[in-house]
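So the chains spell out like this:
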Amino acid sequence: MSHLSAEDEVELQSLLKQLLRSVSDRISGAPSTECAEEILLHLEETDKNFHNYEFVKYLRQYVESSLGTVMDEETKDLTRGDGQHAIGSGHDTLIHAVTRRTRDSAEYEHMMQTLKNTMIMVVESLINKFEEDQMRKEEMQKQHSQSNSQYIDNCSDSDSSFNQSYAFIRQEQLQVLAEKLDPSRPKEVRWEALQALCCAPPSDVLSCESWSSLRRNLCAALTEPDPDLSDNVLQFFAKSFSSSPMNVTREIYTSLVFFLSVLPQIRLMNDFQKEVTTFWIRHPEKYMEEVIESTFSLLSFHQEHGSASPRTEKALEPIHLLALLDIKATWFKKWMHGYYSRTVVLRLLERKYKALFTFSVCVFVSVQRSVYSGRELEYAFFVHSLCVLGKLLIYTNGRKLFPIKVKKRKDPVSLTDLVVILINIMYQHPKPPHTDTSHTDSLSPSSLVMEVLWMLCERTECAAECLYQTAVIETLLAPVIALLDGQKSPAATLTLIADILARIANTDRGLNLFLYEKNLLVAHSERTFAALAIVQFTLKLLDKELSSLIESDTSHTLCGAFIFVCRQIYNTCEGLQVLRPYGLHKAVAAAWKKSSSLSERIPTPVPGATAGASTQELQNMLIWEETLLDSLLNFAATPKGLLLLQQTGAINECVSYMFSRFTKKLQVSRCEKFGYGVMVTQVAATAPGVVALHSSGFVRALVIELWSTLECGSEDVRVVRPKPTPMDPIDRSCLKSFLSLVNLLFSSQSVWELLGRQPLANKSEYTLREMPTSIPDLIDRLIAVNSDAKINSVFHYEQSHTFGLRLLSVLCCSLDSFLLLESQYNICSMLLQSQRENVTEEFIIDSLSVERNHVLVRVSVVGGPSERRLPPRALQEGEDPYPWPMFSSYPLPHCYTLDPPKIIHDSHGKRHFDEAAAFTGSTSVPFIANEPLKCRSYVFFLNIESYIFISSISTSALQDGYPGHDWLASTVFLIMAGDMDRSLRLLLNLSSLLTSAFIWPARIHASVHVPVGVAESGIPPVYWCTAHYVEMLLKAEVPLVHSAFRMSGFTPSQMCLHWLTQCFWNYLDWTEVCHYISTCVLMGPDYQVYTCVAIFKHLQPDILQRTQSQELQVFLKEEPIQGFKVSDYLEFMEGLERSYRDTVLTDMKTIGNPAE
């Protein structure tokens, strides 16, 4: 296509005309022909639609067809030798080299010459046609008067794109027009001059020598009562705004501002204000500053009204007119949006135009008395000023404008004063009822103030300076305190208060303000905490003790709003500590039970009867019932809260409600940043919680969703391109389901509830449409794949079985879960048999055999990070991709166990254990580190037989029914070097200490020392007490780790329960396990909390990294705690003791009655 035919020339001519039409507005504003050329040359940089023009598309296609082969050949030549196709700087070098060679080629030179010749002919043809059109136009205009014909632009009526853009007016003509526009001339002469001026390019007009007189005469015409003149001036200004460069529009705008008088001019000015932000950043700052300063100068003008009567008419001021046209100050919001303009706005307000800002603040000082006086103009100004001030408050430099001295007020108005004034406006003018149509709800004072307060709540620094102040909290809670004292307050106002309080309580700083600062003045000049006032008020609403609010139609709405405020407090560990003594969970549960019984009594609507009232009543009751259930459910956000929820007896209904919202993918609430994942994980950590999840259908839905993703995928969707073969062991599409399953089965208690005494199907035949619906079904199909029928029943056997083995590996990290799986399903025998079947002359190395080998070693060797070696799951490069020996029978190869560590027999460590023994009443405890070989059965070669052996060790002090092995008893037995009598004596003495309730879960299970309700719940103190305080301390001391857990949908309490239940077996070296136990015995049970916090602090870098890769759950479950030593963190733990012992240890001592 290097040669262009005649048809191509015709097409190019049409496309070029189309392009010129599209950019005619840009060209018409050019002050000269050279400027017009510059506009066209830089069109690609300034026009976002450049590449969509047909002319540009045609040229691109022509270049590709002419040079495509040349570029391909040059690319191949350059990449054949030194391989510069690599990503990075080499890639750029390749592009530059190909470009240079292509431009030097003969094909490029021929293409350019052909294109140049063709375009010359096309342009000449267009010019000829333009000249013909011009001559035809002149003939048609001979009938017009000579005076008009010399000024009016000679535009072509044909489809030529060469029109008024290139008809430039002469200086002499503009001088004549300026004279004709003089106010002394007749109206007809001035109108004709304006008509001619509107056809001239604005850039020519503003650059002429007579512009000053033209400007004066144009502005004089704006004030004329005759709309024919003023409208034509506005038309000229509007054309200037739409088609002129910044320096021209700036001149027009300032002219408009300084001679402003009527509403249409304000509208034109406001339109320009809202559009100018899109392009002023491309021009010098002085242009923007002149526009902003001229605007502020105009708006600062206002007349003094003195002590005029409210009924006296006042002259309209520019700011009132602007408020009428742009009532919510959209122009100012746009100016404040970008840093480039916001800096200038704030600087000018601070240095020159603070009076304008002060004038806006004055509105709020007076509007509390007159906002509903009936004068819409003043109200529009109020709305406009509120929007302006609201935008200023969210920026640091905007807040620095305060305090402000205003009239009619002795003291300056500070930030706090302004917020208090806004809140009082909201109190005096609450949201109007739906029957009130005097003004739209979005423009009501309460709605506008709420918008400002919402903006402040969303920004940490704004909230700290504006909201987190004693005066503001007192003002917000003044109606609440008044009602508690027996006074009255409208329900609508209280609902607005609750909304702001909930947003404040949802932030860490705001929550601390409510919990720990006595910022409320109550009776007898005493101060109390905001949280206490809120919960007391909420309890009175629930108990219907506030007579002034009982009959209100919105009583349930109001009560739900304040429960929601409390919910932001009690769904945190520190907040629950404060609210727990008030028994809010009992009050909410009682209200729910009452509401549930009442909703059952409402009769079913009968056709023909008055069904409307009963249907509405039933609907309202169901909404109220769901509100209470949702509030109860949020107690499950913390470990101790979950115990309180379980004690209310509503856990099954709450979990069912959560599942109904979870399936609809609904947000927890407007304040929560994450979904129900964290709450599901918290609930699944306990026996009653996982039972509730199972009965609600959550487990079934999770299994079905997992199977659908794993086996079915999205193959029923039309395939646009083939899906890539998954390279990861668990495909990214299945990762979410995998992590959800890991969270569900993380606790050994949840494994016991879902798998205990549940046999596998082991069918002789499975259909491809048969889907698993339970956890045993899933294990049967994905893990226990021991028959051809199971292999043939899945579409992706290797991928699905790998998924199952990865899940099995995570499950077996919990020693109790592994013992259950082994005792019920003979998992190890099954894996060994699969390995034997994977042998020809030697083991076949594939992904499944490598996964099975890893699981077998993991469950057959017990020890800390320096006591056992787990084989990797990935193959290595080289001749021997997998150097680790596989096995199909016991004993396993010795390479998976490490040599006994050389332990230094220091007196400090031995004294530590001796003191612990003396503290528990035992004597002559042999220091296990002195005889490492005697504990080899634990540290190195503890296989299945060793599990069974240790499981036989128990004490008569234990209660029956504990769902798991007693790992503390086994640890003590090994510490005592296998001496049964000494072990029993130490355990009996330990059982008399408070520490045993936390480090010895099997002992406290179903114990008589805890209330029957707590014992029957199956929730151990190590969860609802220790793990609860670990989460609370993490938030304060290691906030990054706390946030990482929240983002991962995983909870620290789950990990603590797992570690502590099995005494850190497989996670810490034996020496550190002994240090952990002796530290808790010597230093107190609260050191169990501090130890977990210290471990999380030690793991912080790994936790943050694994959170980003979505591997946190699996990492913490499978990996040992590398490099942690109790002695290294004793100083850190002592610091925690000094800060938190009064709270933590005091609560631990109430284990006998935790609900109090």
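Here the structure is a predicted model, which means the values were calculated and not measured.

## A word on the overall build of the chain
Okay, so step 1: A count of helices and strands for the chain gives 63 helices and 2 strands.
Okay, so step 2: Buried positions account for 52% of the 1156 residues belonging to the chain.
Okay, so step 3: Considering only contacts in the chain between residues 6 or more positions apart, those separated by 24 or more positions represent 73%.
Okay, so step 4: Accessible surface for the chain amounts to roughly 53400 Å². Of this, 52% is attributable to carbon and sulfur atoms.

## Quick look at the packing of helix α51 (residues 967-975) against helix α59 (residues 1070-1083)
Okay, so step 1: Between α51 and α59, the shortest axis-to-axis distance is 11 Å and the interhelical angle comes to 110°. By the criterion of interaxial angle, the relationship of α51 to α59 is roughly perpendicular. With respect to the hand of their crossing, α51 and α59 are arranged in left-handed fashion. The residues of α59 that touch α51, namely those facing Leu968, Thr971, Leu974 and Ile975, are Trp1070, Val1073, Cys1074 and Ile1077.
Okay, so step 2: The residue inventory of the contact of α51 with α59, partitioned by class, reads 7 nonpolar, 1 polar and no charged.

## Observations concerning the pattern of salt bridges
Okay, so step 1: Summed over the entire model, instances satisfying the criterion amount to 27 salt bridges.
Okay, so step 2: Two residues, Lys352 and Glu293, come together in a salt bridge whose shortest N-O distance is 2.1 Å. With Lys352 in the loop between α19 (339-351) and α20 (354-370) and Glu293 in helix α16 (residues 285-300), the pair connects residues that are 59 residues apart, well separated along the chain.
Okay, so step 3: According to the relative accessible area criterion, Lys352 is exposed, its value standing at 52%.
Okay, so step 4: Lys763 serves as the salt-bridge partner of Glu770, at 2.4 Å between the closest nitrogen and oxygen.
Okay, so step 5: For Lys763, a relative accessible area of 38% translates into the label partly exposed.
Okay, so step 6: A single network of salt bridges, built from pairs that share partners, joins Arg806, Glu851, Arg873 and Glu1118.

## A look at the packing of aromatic side chains
Okay, so step 1: If you walk through the whole model with that rule in mind, you get 24 aromatic pairs.
Okay, so step 2: Their ring planes at 55° and their centres at 6.5 Å tell us that Phe296 and Trp335 sit as a pair that is tilted. Residue Phe296 is located in helix α16, and its partner Trp335 is located in helix α18 (residues 330-337); the two are separated by 39 residues in the primary sequence.
Okay, so step 3: The residue whose ring lies beneath Lys1117 is Phe746, and the NZ or CZ to ring-centre distance is 4.2 Å.

## Notes on helix α57 (residues 1039-1048)
Okay, so step 1: Every buried residue of α57 is listed here: Val1041, His1042, Ala1044, Phe1045 and Ser1048. Looking down the long axis of α57, one finds its buried residues gathered within 160° of arc, a one-sided arrangement.
Okay, so step 2: On its buried face, α57 sits against α56 (1021-1037), α58 (1052-1061), α60 (1086-1098), α61 (1100-1108) and α62 (1112-1118).
Okay, so step 3: Positioned one or two residues after α57, Gly1049 has a phi angle of 70°, which is positive.

## A closer look at the confidence of the model for the chain
Okay, so step 1: Summary statistics for the chain give a mean pLDDT of 81 and a share of 81% for residues scoring 70 or more.
Okay, so step 2: The secondary structure element of the chain with the lowest average pLDDT is helix α49 (residues 936-939), at 36, and the one with the highest is α60, at 98.
Okay, so step 3: Low confidence marks residues 920-959, where pLDDT is under 50. Its contacts with residues over four positions away, or in another chain, come to 95 contacts.

## Looking at the packing of α59 against α60
Okay, so step 1: For the pair α59 and α60, the least separation of the axes is 8 Å and the interaxial angle reads 140°. In terms of their interaxial angle, α59 and α60 are classed as oblique. Of α60, the residues touching α59 (which contributes Tyr1076, Thr1079, Cys1080 and Met1083) are Asp1086, Tyr1087, Gln1088 and Thr1091.

## Structural notes on the environment of Arg982
Okay, so step 1: Tracing the sequence through the fold places Arg982 in helix α52 (residues 980-990).
Okay, so step 2: When its relative accessible area of 28% is taken as the criterion, Arg982 is described as partly exposed.
Okay, so step 3: A C-alpha to C-alpha distance of 9.1 Å links Arg982 and Val972, two positions 10 residues apart in sequence.

## Some thoughts on unusual backbone geometry
Okay, so step 1: The omega angle of the peptide bond from Phe402 to Pro403 is 0°, so this bond is cis rather than trans.
Okay, so step 2: Across the junction of Tyr890 and Pro891, the peptide omega takes the value 0°, indicating a cis bond.
Okay, so step 3: Within the element layout of this structure, Pro891 appears in the loop between α47 (847-860) and α48 (907-919).
Okay, so step 4: Unlike most non-glycine residues, Asn1066 shows phi in positive territory, near 75°.
Okay, so step 5: Positionally, Asn1066 belongs in the loop between α58 and α59.

## Description of the state of the cysteines
Okay, so step 1: Scanning all chains against the criterion turns up 0 disulfides.
Okay, so step 2: No disulfide involves Cys1063; its sulfur sits 9.5 Å from the nearest other cysteine sulfur, which is in Cys1080.

## What to know about α18
Okay, so step 1: All buried positions along α18 are accounted for by Trp331, Phe332, Trp335 and Met336. Seen from one end, α18 has its buried residues packed into an arc of 125°, which puts them on one side.

## Focus: the side chain of Ser817
Okay, so step 1: Positionally, Ser817 belongs in helix α45 (residues 815-825).
Okay, so step 2: The exposure class assigned to Ser817 is buried, which follows from its relative accessible area of 1%.
Okay, so step 3: With residues near it in sequence (within four places) discarded, Ser817 still touches Ser747, Ser748, Val751 and Leu811.

## Topic: the environment of Phe738
Okay, so step 1: Mapped onto the elements of the fold, Phe738 is located in helix α40 (residues 732-744).
Okay, so step 2: Placed 376 residues apart in sequence, Phe738 and Val1114 show a C-alpha to C-alpha distance of 10.0 Å.

## Examining the side chain of Ser800
Okay, so step 1: Locating Ser800 in the fold gives a position in helix α44 (residues 797-812).
Okay, so step 2: We classify Ser800 as buried; its relative accessible area is 1%.
Okay, so step 3: Here Glu711 takes part through its side chain, which lies 2.5 Å from a polar atom of the side chain of Ser800.
Okay, so step 4: In this structure Ser800 touches Leu710, Glu711 and Leu782, once residues within four positions along its chain are discounted.

Criteria and thresholds
- Residues numbered from 1 in each chain as written.
- Predicted model: local features only at pLDDT ≥ 70, side-chain atom pairs only at ≥ 80, totals over all residues.
- Heavy atoms only, no water.
- Helix = DSSP H or I, 4+ residues; strand = E, 2+ residues; numbered from the N terminus.
- Buried < 20%, exposed > 50% of the residue type's maximum accessible area, 1.4 Å probe, protein only.
- Contact = heavy atoms within 4.5 Å.
- Areas by Shrake-Rupley, 256 points an atom, 1.4 Å probe, with all protein chains shown as cover.
- Axes fitted to C-alpha atoms, helices over the stretch in contact; angles between N-to-C directions.
- Parallel < 35°, antiparallel > 145°, perpendicular 65-115°, else oblique.
- Left-handed = near helix turned anticlockwise from the far one by under 90°.
- Nonpolar A, V, L, I, M, F, W, Y, C, P; charged D, E, K, R; others polar.
- Salt bridge = Lys/Arg side-chain N within 4 Å of Asp/Glu carboxyl O.
- Phe/Tyr/Trp six-rings, centres within 6.5 Å; stacked < 30°, edge-to-face > 60°.
- Lys NZ or Arg CZ within 6 Å of the ring centre and 35° of its normal.
- Arc of directions from axis to C-beta.
- pLDDT = per-residue confidence, 0-100.
- Disulfide = S-S within 2.5 Å.
- Polar contact = N/O pair within 3.5 Å; in protein donor to acceptor, adjacent residues only side chain to side chain.

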